[in-house]
Amino acid sequence: MLLAFGVMKLPAERALSLQHRQLQFADIANLDLREKIGQVGFVAALSGFRAIVADFLFIEAHVAWERTEWGRVLFLFRQVTSLQPHVPLFWDMAAWHMAWNASAAAMNDQSQPRLALRVKAQREYFAIGKDFLERGIKNNPDRPQLYEALARLYRDKYNDHDHASEFFAKASALPGAPSYDKRFSAYELSYCEGREREAYERLRALYDEGEKERLPTLIKRLKFLEEKLRIPPEQRILDRES
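Residues numbered from 1 in each chain as written. Predicted model: local features only at pLDDT ≥ 70, side-chain atom pairs only at ≥ 80, totals over all residues. Heavy atoms only, no water.

Observations regarding the overall build of the protein
What counts here: In this text, helices come from DSSP runs of H or I with a minimum length of four residues, and strands from runs of E with a minimum of two, each type numbered from the N-terminal end. Relative accessible area decides the class of each residue, using a 1.4 Å probe on protein chains only: under 20% of the type maximum gives buried, over 50% gives exposed, and in between gives partly exposed. Throughout, a contact is declared for two residues whenever any of their heavy atoms are within 4.5 Å. Only the protein chains shown count as cover for residues, and all accessible areas are computed by the Shrake-Rupley method using a 1.4 Å probe.
Helix and strand counts for the protein come out as 12 helices and 0 strands. For the protein, the N- to C-terminal ordering of α and β elements is α-α-α-α-α-α-α-α-α-α-α-α. The proportion of buried residues among the 242 residues of the protein is 42%. Sequence-distant contacts in the protein: of pairs separated by 6 or more residues, those separated by 24 or more amount to 58%. Only carbon and sulfur atoms are counted for the fraction: they give 54% of the accessible area of the protein, which is about 13300 Å².

Brief notes about the side chain of serine 165
In this fold, serine 165 is placed in helix α9 (residues 161-172). Excluding residues within four positions of it along the chain, serine 165 makes contact with Ser185, Glu188, Leu189 and Arg202.

Here's the deal with the nonpolar core
Keep this limit in mind: Buried Ala, Val, Leu, Ile, Met, Phe, Trp, Tyr and Cys residues form a nonpolar core when they are joined through side-chain atoms within 4.5 Å.
Among the nonpolar cores identified, the biggest contains 39 residues, and Leu57, Phe77, Met98, Tyr125, Phe132 and Leu133 are the most heavily contacted of them. Looking at this core, the elements with two or more residues in it are α4 (50-66), α5 (70-83), α6 (88-107), α7 (115-139), α8 (144-156) and α9. Within the second largest apolar cluster, 15 residues are counted, among which are Tyr200, Leu203, Leu218 and Leu225.

Describing the packing of aromatic side chains
Rules: Planes of paired rings set the category: under 30 degrees apart is stacked, over 60 is edge-to-face and the rest tilted, where pairs are Phe, Tyr or Trp rings (Trp by its six-membered ring) whose centres lie within 6.5 Å. A ring is considered to have a charge above it if a Lys NZ or an Arg CZ atom is located within 6 Å of its centre and within 35 degrees of its normal.
Summed over all chains, the structure comprises 10 aromatic pairs. Among the aromatic residues, ring-to-ring pairing joins Phe126, Tyr154, Tyr158 and Phe167 into one connected group. Positioned above the aromatic ring of phenylalanine 132 is the side chain of arginine 78, whose terminal nitrogen or guanidinium carbon lies 4.7 Å from the ring centre. Sitting over the ring of tyrosine 207, arginine 214 keeps its end group 4.1 Å from the ring centre.

With respect to the environment of valine 119
Along the chain, valine 119 falls in helix α7. Owing to a relative accessible area of 19%, valine 119 belongs among the buried residues under this scheme. Linking valine 119 and alanine 106, residues 13 residues apart in sequence, is a C-alpha distance of 7.7 Å.

Section: the pattern of salt bridges
For clarity, the cut-off: By salt bridge we mean one thing: a side-chain nitrogen of Lys or Arg within 4 Å of a carboxyl oxygen of Asp or Glu.
Enumeration according to the criterion identifies 20 salt bridges in this entry. Among the ionic pairs, glutamate 134 bridges to lysine 130, the shortest N-O distance being 2.9 Å. Taken as a pair, glutamate 134 and lysine 130 lie in helix α7 at a separation of 4 residues, close to a single helical turn. For lysine 130, a relative accessible area of 21% puts it in the partly exposed group. Two residues, arginine 155 and aspartate 156, come together in a salt bridge whose shortest N-O distance is 2.8 Å. Several salt bridges converge on common partners, so that one network encompasses Lys182, Arg183, Glu209, Lys212 and Glu213.

What to know about the environment of alanine 169
Relative to the helices and strands, alanine 169 resides in helix α9. Sequence spacing of alanine 169 and alanine 151 is 18 residues, and the spatial spacing of their C-alpha atoms is 9.1 Å. Residues contacting alanine 169, with those up to four places away along its chain left out, are Ser185 and Arg202.

So, the confidence of the model for the protein
For clarity, the threshold we go by: Residue-level confidence of the predictor is summarised by pLDDT, bounded by 0 at the bottom and 100 at the top.
Model confidence for the protein is summarised by a mean pLDDT of 85, while 79% of its residues fall at 70 or above. Below a pLDDT of 50 lies the segment residues 19-41, which in the model reaches 36 contacts outside its immediate sequence neighbourhood of four places, other chains included.

Details of the packing of α5 against α7
Inclusion rule: Axis lines are fitted to C-alpha atoms, over the contacting stretch for helices. Their N-to-C directions set the angle, which ranges from 0 to 180 degrees. Here roughly perpendicular refers to angles of 65 to 115 degrees, roughly parallel to angles under 35, roughly antiparallel to angles over 145, and oblique to all remaining angles. The nonpolar class holds Ala, Val, Leu, Ile, Met, Phe, Trp, Tyr, Cys and Pro. Asp, Glu, Lys and Arg form the charged class, and all remaining residues, Gly among them, are polar.
Put simply, α5 and α7 touch, their axes get as near as 12 Å, and they point 10 degrees apart. The angle between α5 and α7 falls in the class roughly parallel. In this structure, α5 uses Trp70, Leu74, Phe77, Arg78 and Thr81 to contact α7, whose residues at the interface are Tyr125, Ile128, Asp131, Phe132 and Arg135. Its residues assigned to classes, the contact of α5 with α7 shows 6 nonpolar, 1 polar and 3 charged.

Comments concerning unusual backbone geometry
The backbone of asparagine 159 shows a phi angle near 55 degrees, a positive value even though the residue is not glycine. Assessed through its relative accessible area of 57%, asparagine 159 is described here as exposed.

Take a look at the structure:
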């Protein structure tokens, strides 16, 4: 079985190696790369082995990550997500490696003395991660996992609370979504200028559902909004001590 698998994967490795040389990964952070790669030619020949080849390439991507070979990580995840577009894990992991790991490496790259260029590279990796998640959602519109990941990216990398709230809300509306998505959407909304009243109403509705929703962060944000909106004292929530 090992020998057979070794023979089967040789065409895939040759095709990957050839495309890797042709694409010159010095410009790996350019989003135009997606248009250059496309779905590799060996898919048609190995159509019955798409899942096996995708898993093999996923493992290769993990090895490349351990070696901090960011160009190869991106190259391999392009192939993995093309082969198995309906597996949310692959899109999620691809985005995480680009928007979190590769971006951090770019920002801390001591071989690049210019801060402006490091920041530029970091932001390009943010954009690549975002692109993975947006295309993952198009292929898996009913899976909350990818909406959550995109919400976290907007929150943690772009400091965009408006879009973070939007995508946590979209995740919360899907079957199987965890209960915290609805709460996180309201938290993010509470940071948006001009939407404080809407955020207050949503947080207060959660608070009124009962003790299980009265978590420290929710209470903290609710009290902040009570002060900002000048909610009458008799309408405010009680302190824990009271």
